[in-house]
Amino acid sequence: MAVVWDMSQWTQAWRIDSLQPTVRSSGTRTTTSGTIMYGRTAGGANQSVTNGNSNSGANSGGGASGGAQGHDKLKIGFCTDLDKSVLVNNFEKRGWHQVNGDDDWHFYWAGVQTCRNIFSVDSGYRMHDNQMINHFPNHYELSRKDLLVKNIKRYRKDLERDGNPLAEKTESNNSSGTRYLYLDFVPTTFVLPADYNMFVEEYRKFPLSTWIMKPCGKSQGAGIFLINKLSKLKKWSREAKGPFHPQIAKESYVISRYIDNPLLIGGKKFDLRLYVLVASFRPLKAYLFKQGFCRFCTVKYDTSVTELDNMYVHLTNVSVQKHGGEYNILHGGKWSVQNLALYLEGTRGKEVTDRLFGAISWLIVHSLRAVAPVMASDRHCFECYGYDIIIDNALKPWLVEVNASPSLTSTTVNDRILKYKLIDNILSVVLPPDGVPDVRWNKVPSADALGNFELLIDEELAAQDEQHQNSSSNTHSKTSKMGSRWK
């Protein structure tokens with residue numbers, strides 16, 4: 001018997017009026033690989049704090065007013081590799097003092113290289129219970145373009161091998177064979193030079209298609225270009241092997257089918273930048289910041305061959321667009337997610353808009369599930385990822401890439417306000433109620449501590465809910481029937 005999947009029931013709409021998540025009775029979903037929770041408010045009256053400070057009474061997580069109750073003698077020292085006021089001001093607001101990396105620190109907002117050095121076997125450094133750092137040791141499993149694609153492909157194959165209905169396939173419209181019905185959220189992608197022959201085989205099936213080349217380890221639009229002919233790729237390959245480009249020859253690239261039917265607003269292409277906070281990968285605990293934004297190109301979209309090399313038409317990165325003559329320094333070519341939702345509700349309808357944002361949540365959760373088994377989930381770590389998502393004209397979201405160090409540079413006043421609030425809310429979510437870093441805490445923030453974050457998934461809470469439901473004889477039969485639908 002075929003499993004019927006109603007994607008609209010997975011939709012957890014972003015409430016534009018109050019910016020509060022809609023909690024629905026069907027907020028808990030069970031699959032064979034675990035339970036996914038959408039729209040649930042974390043924490044609650046029975047929330048436990050395992051660091052011995054259960055009577056601290058602070059609901060603001062690591063808020064400035066939380067103090068350090070129970071840790072009166074502990075003065076919090078912070079380090080940062082980034083000289084950004086949105087960071088330092090948030091830390092100092094909490095009464096923390098700045099120290100060097102060689103000193104005894106408690107909270108480190110580090111660059112990725114510093115994080116690798118700290119966790120390196122050669123360093124011999126061992127973190128104590130009252131230390132936290134803002135990256136997981138091997139975050140690159142999610143943020144490197146080639147590894148992200150590899151992990152998602154492996155995740156889908158594992159589900160397929162286990163007979164999980166999530167891996168169901170259907171006929172594909174724009175490529176040969178089939179596509180995944182529920183996990184088709186990354187464009188067809190190959191890693192070069194390793195997958196060159198497979199790419200050529202796919203390209204020759206659709207010789208008029210356009211593809212986009214990206215270096216695996218770079219960001220902010222560096223090294224990206226579009227191709228629509230194999231000869232262009234071969235020319236690039238010959239030049240890369242020449243004496244003038246030795247660094248290119250050593251790099252891996254990903255080449256992905258270009259989303260050539262993007263949703264346009266005002267005739268211009270845009271993408272979404274969403275912030276996703278992961279407090280733990282095992283169990284998976286992830287939150288979505290509700291104040292993401294759209295980034296617009298400065299030049300109207302044009303698929304003609306003459307505009308193929310015009311990055312102001314095709315790349316939405318602010319680092320690229322700010323050099324264009326049409327760049328607006330007042331709004332920075334940005335639009336809030338709330339404005340986007342209102343626009344789509346007015347032009348496409350609320351139902352399809354809700355379905356779109358539900359599909360975005362789905363996409364994020366399953367990309368995190370794909371990397372969770374290989375991620376080193378150290379309890380000292382948390383990480384805020386910048387998700388870049390393209391929406392096509394059928395309102396289907398596509399994951400473009402994930403950034404482990406999303407920019408904290410402010411290009412506008414609104415940008416600065418947003419990023420200050422982002423850092424403040426991150427601290428409130430990842431710190432215990434008394435505001436003191438402690439790895440023994442169960443990482444279940446109160447509802448007040450979430451701020452502008454909403455819970456995407458908490459496997460630990462979901463497991464507790466499921467256990468509680470199964471232990472109740474009155475609801476056991478109903479729970480079994482619901483659970484079987486998602487298995």
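Each remark here, short or long, concerns the structure printed above.
Procedures and definitions
- Residues numbered from 1 in each chain as written.
- Predicted model: local features only at pLDDT ≥ 70, side-chain atom pairs only at ≥ 80, totals over all residues.
- Heavy atoms only, no water.
- Helix = DSSP H or I, 4+ residues; strand = E, 2+ residues; numbered from the N terminus.
- Expected span 1.5 Å × (residues − 1).
- Buried < 20%, exposed > 50% of the residue type's maximum accessible area, 1.4 Å probe, protein only.
- Pairing = 2+ DSSP bridges.
- Contact = heavy atoms within 4.5 Å.
- Axes fitted to C-alpha atoms, helices over the stretch in contact; angles between N-to-C directions.
- Core = buried A, V, L, I, M, F, W, Y, C linked by side-chain atoms within 4.5 Å.
- Domains from an automatic or database assignment.
- Salt bridge = Lys/Arg side-chain N within 4 Å of Asp/Glu carboxyl O.
- Parallel < 35°, antiparallel > 145°, perpendicular 65-115°, else oblique.
- Left-handed = near helix turned anticlockwise from the far one by under 90°.
- Patch = residues over 30% accessible without salt bridge, like charges linked within 9 Å, V, L, I, M, F, W, Y side chains within 5 Å.
- Areas by Shrake-Rupley, 256 points an atom, 1.4 Å probe, with all protein chains shown as cover.
- Lys, Arg positive; Asp, Glu negative; His and termini not counted.
- Charge placed at Lys NZ, Arg CZ, Asp CG, Glu CD.
- Phe/Tyr/Trp six-rings, centres within 6.5 Å; stacked < 30°, edge-to-face > 60°.
- Lys NZ or Arg CZ within 6 Å of the ring centre and 35° of its normal.

Draft legend 1. Examining helix α4 (residues 145–161) more closely. For α4, spanning 17 residues, the distance from its first C-alpha to its last is 25 Å, which sits close to the expected 24 Å at 1.5 Å a residue. Taken together, the buried positions of α4 are occupied by K145, D146, L147, L148, V149, N151, I152, Y155, R156 and L159. With its phi angle positive at about 75 degrees, G163 sits one or two positions after the end of α4.

Draft legend 2. Region of interest: the sheet that holds strand β5 (residues 107–109). Spatial ordering of the open sheet is given by β4-β3-β5-β6, a layout of four strands whose pairing is parallel. The open sheet has two free edges, formed respectively by β4 (97–98) and β6 (132–133), since each of these has just one partner strand. Sheet analysis places strand β3 (residues 77–80) next to β5, joined by three bridges and oriented parallel. Pairing of C79 across the sheet is with Y108, part of β5. Packed on one face of the sheet, helix α1 (residues 85–93) meets β3 and β5 and runs near 175 degrees to β3.

Draft legend 3. Region of the structure containing the sheet that holds strand β11 (residues 225–227). In spatial order, the strands read β9-β12-β10-β11; together these four strands make up an open sheet with antiparallel pairing. Each having just a single partner strand, β9 (189–192) and β11 make up the two edges of the open sheet. The average angle at which neighbouring strand axes cross in this sheet is 25 degrees, direction not considered. Two elements, β9 and strand β12 (residues 253–257), share four bridges in a ladder whose sense is antiparallel. Residue pairing across strands places F190 opposite I255, the latter belonging to β12. Running at roughly 130 degrees to β9, α4 makes contact with β9, β10 (211–215) and β12 of the sheet. Seen against the sheet, helix α5 (residues 196–205) touches β9, β10, β11 and β12 and runs at an angle of roughly 140 degrees to β9.

Draft legend 4. Region of the structure containing the nonpolar core. Core analysis: the biggest nonpolar cluster contains 62 residues, and F281, I364, L368, Y385, Y387 and L399 have the highest contact counts within it. Counting residues per element, this core draws most heavily on helix α11 (residues 350–371), which supplies ten residues. When residues of this core are sorted by domain, at least three fall in each of domain 1 (77–133) and domain 2 (139–169 + 177–186 + 262–466). Not counting residues up to four positions away in its chain, the partners in contact with Y387 are L142, L272, R273, L274, V276, L363, I364, S367, L368, L399, E401 and V402.

Draft legend 5. Highlighting the pattern of salt bridges. All chains considered together, the criterion is met by 23 salt bridges. Within this structure, R154, D158, R161 and D162 form a network of salt bridges that share partners.

Draft legend 6. Examining the packing of α1 against helix α12 (residues 413–430) more closely. Orientation of α1 relative to α12, taken along the N-to-C sense of each, is 45 degrees, at an axis distance of 9 Å. Our classification of the angle between α1 and α12 gives oblique. For the element pair α1 and α12, the recorded crossing hand is right-handed. Here α1 contributes S85, V86, L87, N89, N90, F91 and K93 to the contact with α12, which in turn contributes R416, K419, Y420, I423, D424 and L427.

Draft legend 7. View of a positive patch on the surface. Positive charge collects at one region of the surface, where R204, K234, K235 and R238 lie side by side. The leading source of residues in the positive patch is helix α6 (residues 230–240), at three residues. With respect to the helices, strands and loops of the structure, K235 is situated in helix α6.

Draft legend 8. Focus on the packing of aromatic side chains. Summed over the entire model, instances satisfying the criterion amount to 19 aromatic pairs. Ring centres of F199 and Y203 lie 6.0 Å apart, and the angle between their planes is 45 degrees; this geometry places the pair in the tilted category. Of the two residues, F199 and Y203 both sit in helix α5, four residues apart, roughly one turn of that helix. Of the two residues examined, F199 and Y203, each falls in the buried class. Taken together, the ring pairs in this structure connect F78, F91, W96, F107, W109 and F382 into an aromatic cluster. A cation sits over an aromatic face here: R257 above F206, 5.3 Å from the ring centre. When the ring centre of W398 is taken as reference, the NZ or CZ atom of K396 above it lies at 4.7 Å.

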